[in-house]
Amino acid sequence: MGNLFITFEGIEGCGKSTQARLLVERLTFLNIPSILTMEPGGTEIGISIRHILLDARNRDLPPFAELLLYEADRAIHVEKLIKPALNAGKWVVCDRFSDATTAYQGYARGQDMQTVGLLNQMASRGILPGLTFLIDCPVEVGLARALKRNDHCGEQGQDRFEKEKRHFHVSVRQGYLSIARDNPERFIVVDGVLRVDELQEIIFSHIRPFLPKGTKTP
């Protein structure tokens with residue numbers, strides 16, 4: 001059984017985390033060995049890095065330092081979790097990966113794109129997703145969802161990015177769409193405004209061609 005590295009990308013509150021989780025649940029039901037992970041925070045050390053990056057009190061974190069923290073998280077994540085899982089023949093579904101760094105720290109923060117690209121390549125050890133779902137939705141929709149989620153989950157302190165000005169999130173969204181246009185062989189752009197179940201079915205329709213032969217899907 002072959003492996004597949006799948007990533008979910010999008011602005012805050014687009015619904016990517018939900019869809020990543022639903023996909024892994026469905027793969028597990030089909031007896032396909034798979035893991036669900038995320039960036040930042042996919043490893044024990046990564047959880048500590050995540051708290052630093054998302055802590056709203058760290059508003060004065062320099063953009064280049066922010067970039068390096070994301071890359072450090074990714075280097076650990078790839079070495080300790082993603083690469084071993086792929087080598088073991090498992091499917092890896094990841095909530096954000098290197099495209100997020102290009103969109104957030106490159107397009108929105110204005111860091112040098114060549115530097116971002118080089119650091120992404122080094123931290124990921126050259127590993128690229130075989131398939132990336134960009135869940136696109138208007139900034140106002142995503143932010144409203146994200147803020148509601150944070151209130152519900154008690155994560156008000158871990159909302160540094162949600163507190164960025166609107167133009168920052170617009171830049172992230174435009175950055176993602178630009179990345180998707182430049183990588184049409186890998187990216188699938190889906191409508192994040194759709195109902196969760198509708199979106200789930202659209203996403204899985206793109207997964208079906210990659211399923212092992214003989215896999216029976218309901």
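Preceding this section is the structure that the text describes.
Residues numbered from 1 in each chain as written. Predicted model: local features only at pLDDT ≥ 70, side-chain atom pairs only at ≥ 80, totals over all residues. Heavy atoms only, no water.

Teacher, can you tell me more about the overall build of the protein chain here?
For the protein chain, the helix and strand inventory stands at eight helices and five strands. Counting from the amino terminus, the protein chain carries its helices and strands in the arrangement β-α-β-α-α-β-α-α-β-α-α-β-α. Its C-alpha atoms give the protein chain a radius of gyration of 17 Å, near enough to 17 Å, the size a compact globule of 218 residues would have. With respect to the three principal axes, the spread of C-alpha positions in the protein chain is 55 × 35 × 35 Å. Buried positions account for 50% of the 218 residues belonging to the protein chain. Contacts in the protein chain between residues far apart in sequence, at least 24 positions, make up 80% of those at least 6 positions apart. As presented, the protein chain carries roughly 10700 Å² of accessible surface, and 56% of it is formed by carbon and sulfur atoms. (Helix = DSSP H or I, 4+ residues; strand = E, 2+ residues; numbered from the N terminus. Rg over C-alpha atoms; globule rule 2.2 N^0.38 Å. Buried < 20%, exposed > 50% of the residue type's maximum accessible area, 1.4 Å probe, protein only. Contact = heavy atoms within 4.5 Å. Areas by Shrake-Rupley, 256 points an atom, 1.4 Å probe, with all protein chains shown as cover.)

Got a minute to help me understand the pattern of salt bridges in this structure?
Side chains carrying opposite charge are able to pair once their charged atoms draw close together. Throughout the structure, instances matching the rule amount to 17 salt bridges. For Arg109, the salt bridge is made with Glu66, and the minimal N-O distance between the two is 2.9 Å. Note that Arg109 is positioned in the loop between helix H4 (98-108) and helix H5 (113-123) and Glu66 in helix H3 (residues 63-87), a separation of 43 residues in sequence. Each member of the pair, Arg109 as well as Glu66, is classed as buried. Between Asp99 and Arg186 there is a salt bridge, and its shortest N-O distance comes to 2.7 Å. Placement of Asp99 in helix H4 and of Arg186 in the loop between helix H7 (166-182) and strand E5 (187-191) is noted, with a sequence separation of 87 residues between them. Arg186 carries the same exposure label as Asp99, and that label is buried. Within this structure, Glu66, Arg109, Arg160 and Glu164 form a network of salt bridges that share partners. (Salt bridge = Lys/Arg side-chain N within 4 Å of Asp/Glu carboxyl O.)

Looking at this model, I keep getting lost on the packing of aromatic side chains. Mind explaining?
Here a ring pair, both rings aromatic, is described through the centre-centre distance and the interplanar angle of the planes. This structure, assessed with the given rule, holds seven aromatic pairs. On the basis of an interplanar angle of 90° and a centroid distance of 5.6 Å, the ring pair of Tyr104 and Phe161 is categorised as edge-to-face. With Tyr104 in helix H4 and Phe161 in the loop between helix H6 (139-153) and H7, the pair connects residues that are 57 residues apart, well separated along the chain. A cation over a ring is seen here: Arg26 above Phe204, with NZ or CZ 3.9 Å from the ring centre. The ring of Phe97 carries the charged tip of Arg74 above its face, separated from the ring centre by 5.3 Å. (Phe/Tyr/Trp six-rings, centres within 6.5 Å; stacked < 30°, edge-to-face > 60°. Lys NZ or Arg CZ within 6 Å of the ring centre and 35° of its normal.)

How should I be thinking about the nonpolar core in this particular structure?
Across soluble globular proteins, you tend to see nonpolar side chains buried next to one another. Grouped together as the largest cluster of nonpolar side chains are 42 residues, with contacts concentrated most on Ile6, Phe8 and Ile207. Ranked by the residues each element gives to this core, the list is headed by H7, at five residues. Excluding residues that lie within four positions of it along the chain, Ile207 makes contacts with Ile6, Leu23, Leu27, Trp91, Leu131 and Phe133. Core analysis: the next-biggest nonpolar cluster, separate from the first, contains ten residues, Ile82, Ala85, Cys94 and Phe97 among them. (Core = buried A, V, L, I, M, F, W, Y, C linked by side-chain atoms within 4.5 Å.)

Explain the side chain of Glu9 here, please?
Within the secondary structure, Glu9 sits in strand E1 (residues 5-9). In this structure, Glu9 is buried with no salt-bridge partner, the nearest side chain bearing the opposite charge being Arg96 at 4.1 Å. Those residues in contact with Glu9 that sit more than four places away from it in its chain are Cys14, Lys16, Arg96, Phe97, Ser98, Asp99, Ala100, Thr132, Phe133, Leu134, Ile135 and Tyr176. (Lys, Arg positive; Asp, Glu negative; His and termini not counted.)

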